[in-house]
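# Survey of secondary and tertiary structure
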Amino acid sequence: MLLQHSRLQSLGTRGSSKLACQLPLQPLKVKRLPAAVGVPFDLPMHNHFNSRKSDEHGFRTRDVHVNVSTIEAPTATEPPPKTSPYGQSVMMQAFGWESCTKGNWYKTIMSKIDAMKSVGITHLWLPPPSQSVSAQGYMPGQLYNLNSKYGTKEDLLALNKALIEAGITPVADIVINHRCADEQVDGVWNKYRDDVDHTGKKIDWGKWAITSNDPSFKGTGNPDTGDDYGPAPDLDHANPELRAALADWMGWLQTEIGFSGWRLDFVRGYGARFVDEYISKTVGKDVLNVGEFWVDMKWNGSDLEHNQDEARQKLVNWVNANGKSCCAFDFPTKGILQEAVKKTQYNRLRDGQGKAPGVMGWWSSKSVTFIDNHDTGSSQNHWPFPSSHVGLGYAYILTHPGIPCLFWEHLFDWGSELHKTVAGLVALRKRNGIHSQSKLEILCADADMYVARIDNRITIKMGPRFDMGNHLPNEKEGWKFALSGKDFAIWEKSP
């Protein structure tokens, strides 16, 4: 949901050419925790917000000046946390941007369940389930109407039942920052109907359900607790009646439709504390939930800066603010990794403290890593990973800590070679017990070569340099070659 112009285009409306997000007005302080177990530490935050402007890349942002010059490495004074209950998950997004135009997409997914099970997918992120003004589902209207461009309610019920029987957890794409109204009042779309019979609280809302500072839809609710989303009315999550109705709907999706986890869209649009409430009242904190919080990367002209601590700090803050109930997509890891690949700058993959440079390096159990999704790749291609090295990208996220998320198009549309590579990498991850909190040792991070060891079970080499020198895994120590692809090779250690 972060790339607003794509939603606008789907409505035939002209939008901005890039991302249109703002930064939170009150950044949160993070509790100091032991870095040795891969959890976040606090960076001093001194934010000064100036007027909004467009940067070199067309992003609408506010200037942010963050003083990170006094970072102190914390000491390991607390025991390591328990292993995450979803730490061994392998997630996949089950649709691209144009999937809604392919006929009954739910049946297409159904036809691939055996293939997904064979690959080792544990969680499947399905498209937004409700009727929507836009075909892709990100402009929802009648929440309880599950007849969408992806298929019917009956098709969705059958799909979720089949997924559960195959041991794959269905994850719903939840779009609750905004909701499209059904009727106009004085020329403004801000009156809602409730056209589908259902249990729980009614959703026939009025202007009271829309934030008072929404610039277009003349709401009378509380001020927005997050960023504005221009194309549709921003919902007033500070209103307990509205929150109760949304929680009822999500609970219905869980108990009646078969979903067991949430992918939360555009979470910059409402307060993180409400994320915790919605999750706690439905699926709970011990299952995999993930939020889409797009953070602006730091650029120097057309060059991505090496230090992206501001971006990952914002994600760490958001996870803390949601009561640790929801993971975050690791946008910094994606951005840094693809820049390293594009410019042969693999030295970017180790930060100043010797850790992985994204959220993965600070809080791997809450980092959902990915190569592309329906916004960054697919037919939109807003911020795509280099197509020549997608296999290498998967080699990185499937051997490293964090929770990897695959993309449907890569697995099923990009040919048998990439499918074989990704399936082999998932199998490698599983047989070596790699999980979200696995120990990462970065042995080398030069411009043309990166070498890392994970749990002393896997060694990965990336980059064009052929000679690994003394980093080459030794067969006498139990290391055996596992698999390779363009600019990467992997070894595993016999138990």
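Below is a short write-up of the structure. Predicted model only: the values in this text are computed from it and were never measured.

## A word on the pairing of strand E13 (residues 367–370)
- Neither face of E13 is open: one carries Ser367 and Thr369, the other Val368 and Phe370, and all of them are buried.
- In the sheet, strand E12 (residues 327–329) pairs with E13 via two bridges, with the strands oriented parallel. Bridging from a neighbouring strand, Phe329 pairs with Val368 of E13.
- Crossover connection from E13 via helix H10 (residues 390–399) to parallel strand E14 (residues 403–407): handedness right-handed.

## A short note on the nonpolar core
- Residues Met116, Leu124, Trp262, Tyr394 and Met462 are the most contacted members of the largest nonpolar core, which totals 128 residues.
- Look past the residues within four positions of Leu124 in its chain and what remains in contact with it is Met92, Ala94, Ile109, Met116, Leu163, Ile168, Thr169, Pro170 and Val171.
- Core analysis: the next-biggest nonpolar cluster, separate from the first, contains seven residues, Cys444, Met468, Trp479 and Trp491 among them.

## Observations regarding empty space enclosed by the protein
- Scanning the model with the defined rule gives one cavity of 30 Å³ or more in all.
- Lining the largest cavity we find Pro128, Pro129, Ser130, Gly137, Pro140, Leu143, Asp173, Val175 and Trp249.
- Class assignment for the residues of the lining of the largest cavity results in six nonpolar, two polar and one charged.

## A closer look at the packing of helix H4 (residues 153–165) against helix H5 (residues 240–257)
- The N-to-C vectors of H4 and H5 enclose an angle of 65°; their axes lie 10 Å apart at closest approach. Mapping the contact onto sequence places Lys153, Leu156, Leu157 and Asn160 in H4 and Trp252, Glu256 and Ile257 in H5.
- Among the residues making up the contact of H4 with H5, the classes are represented as four nonpolar, one polar and two charged.

## Quick notes on the sheet that holds strand E15 (residues 440–446)
- Reading across the sheet, the five strands line up as E15-E16-E17-E19-E18 and stay open at both edges, with antiparallel pairing between neighbours. Taken across any chain shown, the strands that pair with only one partner, and hence form the sheet edges, are E15 and strand E18 (479–485). Geometrically, the sheet is characterised by an average inter-axis angle of 15° between neighbouring strands, direction not taken into account.
- By the bridge criterion, six bridges tie E18 to strand E19 (residues 488–493) in an arrangement that is antiparallel. The residue bridging Trp479 from the neighbouring strand is Lys493, located in E19.
- Of the strands in this sheet, strand E16 (449–454), strand E17 (458–462) and E19 are in contact with H10, which crosses E17 at around 150°.

Calculation rules
- Residues numbered from 1 in each chain as written.
- Predicted model: local features only at pLDDT ≥ 70, side-chain atom pairs only at ≥ 80, totals over all residues.
- Heavy atoms only, no water.
- Buried < 20%, exposed > 50% of the residue type's maximum accessible area, 1.4 Å probe, protein only.
- Helix = DSSP H or I, 4+ residues; strand = E, 2+ residues; numbered from the N terminus.
- Pairing = 2+ DSSP bridges.
- Right-handed = clockwise from strand over helix to strand, strands pointing away.
- Core = buried A, V, L, I, M, F, W, Y, C linked by side-chain atoms within 4.5 Å.
- Contact = heavy atoms within 4.5 Å.
- 1 Å grid on protein atoms, 1.4 Å probe; cavity = no way out; pocket = protein on both sides within 12 Å on 5 of 7 lines; lining within 4 Å.
- Points joined across faces, edges and corners; volume = space filled by probe spheres on them.
- Nonpolar A, V, L, I, M, F, W, Y, C, P; charged D, E, K, R; others polar.
- Axes fitted to C-alpha atoms, helices over the stretch in contact; angles between N-to-C directions.

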